[in-house]
Structures are given as C-alpha cells and as structure tokens.
Amino acid sequence: MTDMITKIVDEAADAAETAVTDAEQRMGGDFGACGFAWVTVYPENKGNTRAGREERRILEAMGFSKDWTGKTYQLWNPGNYRGQNIDIKEAGARAYSKVLNTYGFRASAGSRLD
C-alpha cells in the first residue's frame, strides 16, 4: 500500500477502535441486541474504466471487497469488535466512515440485526 492509503486506513481503524472501546464502556459491556455493522463505499467511477480500475485497486488495498450487488464496496466490522452488540459495532462503522468521508470517499455505515 502506498503511504497515503496506509495513513487513511490507520486513521480510520484507530477512530473505529476508539469508538468501539468508548461505546462498550458507556454501555457497560456486551449487552443488548446482536447484529452486524459495516462500512459501504460508493465508487465514483465505472469499474471498467481506467479510473474505475484504479479506484477498485485502492479500495481492495484498504481491505474492502465488492458487495453482493457488485456496485459498492464493503468492509465488515471495521472496529474489530469481538462481541455481538450491534450498537457497539455501529459506533465503529460510523467512526470509520466519517474518516473516509474527510478524505473524499463517499462512505456510510450500515448494520443489521442478527
């Protein structure tokens, strides 16, 4: 990975892990509803163009993979939370996507109950 990609990934991961730790402490542990959370990135370019292939290479280097629709990229559990609480996982996903947005990515957090 290039230095810039590494910087973005490290900053986003740190923000997500901090958000997860804060949320877990605030909630008093792994209680509540179980679920999953992820970050979705919406590519700016078509995948078969030169810019689209470069964008895909960058997203994949950051750990993202295509979602089931083949149109967006997702990174599941970006805060590396080992529990099941959906609220805590969502906090990590929101923090991760917020950092990506500051670097010009169109990113959002998503979640679903288990």
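One numbering rule holds for all chains: residues counted from 1, following each sequence as written. Residue-level local features of this predicted model are given only where pLDDT is at least 70; pairs of side-chain atoms are given and counted only at 80 or more, and the full residue set underlies all totals for whole chains, interfaces and linings. Values reported for side chains reflect all heavy atoms of the structure, with hydrogen atoms and water molecules removed beforehand.

## Some words on the environment of M27
Then, in step 1: For the purposes of this entry, the term helix denotes a DSSP run of H or I that reaches at least four residues, the term strand denotes a run of E that reaches at least two, and both are numbered from the N terminus. Summarising the element assignment, M27 is placed in helix α1 (residues 3–27).
Then, in step 2: When accessible area is computed with a 1.4 Å probe and restricted to protein chains, residues below 20% of their type maximum are described as buried, those above 50% as exposed, and intermediate ones as partly exposed. The class of M27 is partly exposed, set by a relative accessible area of 34%.
Then, in step 3: Along the backbone, M27 and Y73 are 46 residues apart, and their C-alpha atoms lie at a distance of 30 Å.
Then, in step 4: Throughout, a residue-residue contact means that at least one pair of heavy atoms, one from each residue, lies within 4.5 Å. Other than its neighbours up to four places away in sequence, M27 contacts N85, D87 and I88.

## Observations concerning the pairing of strand β3 (residues 73–76)
Then, in step 1: Here four bridges tie strand β1 (residues 35–41) to β3, and the two strands are oriented antiparallel to one another. Directly across from V41, in β3, lies its bridge partner Y73.
Then, in step 2: Should DSSP find at least two bridges between two strands, the strands are regarded as paired. Here two bridges tie strand β2 (residues 65–66) to β3, and the two strands are oriented antiparallel to one another. By the bridge assignment for β3, K66 is matched with Y73.
Then, in step 3: Hairpin geometry of β2 and β3 is characterised by an intervening segment of six residues between the two adjacent antiparallel strands and by a positive phi of about 80° at G70.

## Details of the packing of aromatic side chains
Then, in step 1: Put simply, two rings from Phe, Tyr or Trp (the six-membered ring, in Trp's case) pair if the centres are within 6.5 Å, and we call them stacked under 30 degrees between planes, edge-to-face over 60, tilted for the rest. Tallied over the entire structure, the rule returns three aromatic pairs.
Then, in step 2: Grouped by ring-pair contacts, the aromatic residues F36, W38 and W76 constitute a single cluster.

## Considerations on the packing of α1 against helix α3 (residues 86–102)
Then, in step 1: At a closest axis distance of 7 Å, the pairing of α1 and α3 adopts a crossing angle of 150°. In terms of axis orientation, α1 runs roughly antiparallel to α3. The crossing of α1 and α3 is right-handed. Contacts between α1 and α3 pair I8, V9, E11, A12, A13, A15, A16, A19, V20, A23, E24 and M27 from the former with D87, I88, A91, G92, A95, Y96, V99 and L100 from the latter.
Then, in step 2: A class-by-class count of the residues in the contact of α1 with α3 yields 16 nonpolar, one polar and three charged. The angle between two axes is taken between their N-to-C directions and runs from 0 to 180 degrees, where each axis is a line fitted to C-alpha atoms and a helix contributes only its stretch in contact. Angle categories: roughly parallel below 35 degrees, roughly antiparallel above 145, roughly perpendicular from 65 to 115, and oblique for all the rest. Handedness of a crossing follows from how the near helix is turned relative to the far one, being left-handed for an anticlockwise turn of less than a right angle and right-handed for a clockwise one. Basically, the charged four are Asp, Glu, Lys and Arg, the nonpolar ten are Ala, Val, Leu, Ile, Met, Phe, Trp, Tyr, Cys and Pro, and anything else, Gly included, counts as polar.

## Quick look at the nonpolar core
Then, in step 1: Only buried residues count toward a nonpolar core, which is a set of Ala, Val, Leu, Ile, Met, Phe, Trp, Tyr and Cys residues joined through side-chain atoms within 4.5 Å. Counting residues in each nonpolar core, the largest one holds 20 residues, and the members touching the most others are M62, F64, Y96 and L100.
Then, in step 2: The element that contributes the greatest number of residues to this core is α1, accounting for six residues.
Then, in step 3: Non-local contacts of F64, meaning those with residues more than four positions away in its chain, are made with V39, V41, L59, Y73, Q74, L75, Y96 and L100.
Then, in step 4: Core analysis: the next-biggest nonpolar cluster, separate from the first, contains seven residues, A19, V20, A23 and I88 among them.

## What to know about the sheet that holds β1
Then, in step 1: Spatially, β2-β3-β1-β4 is the arrangement adopted by the four strands of the open sheet, whose pairing is antiparallel. Sheet topology places β2 and β4 (107–113) at the edges, where each strand pairs with a single neighbour.
Then, in step 2: Here α3 sits on the sheet in contact with β1, β3 and β4, set at roughly 10° to β1.

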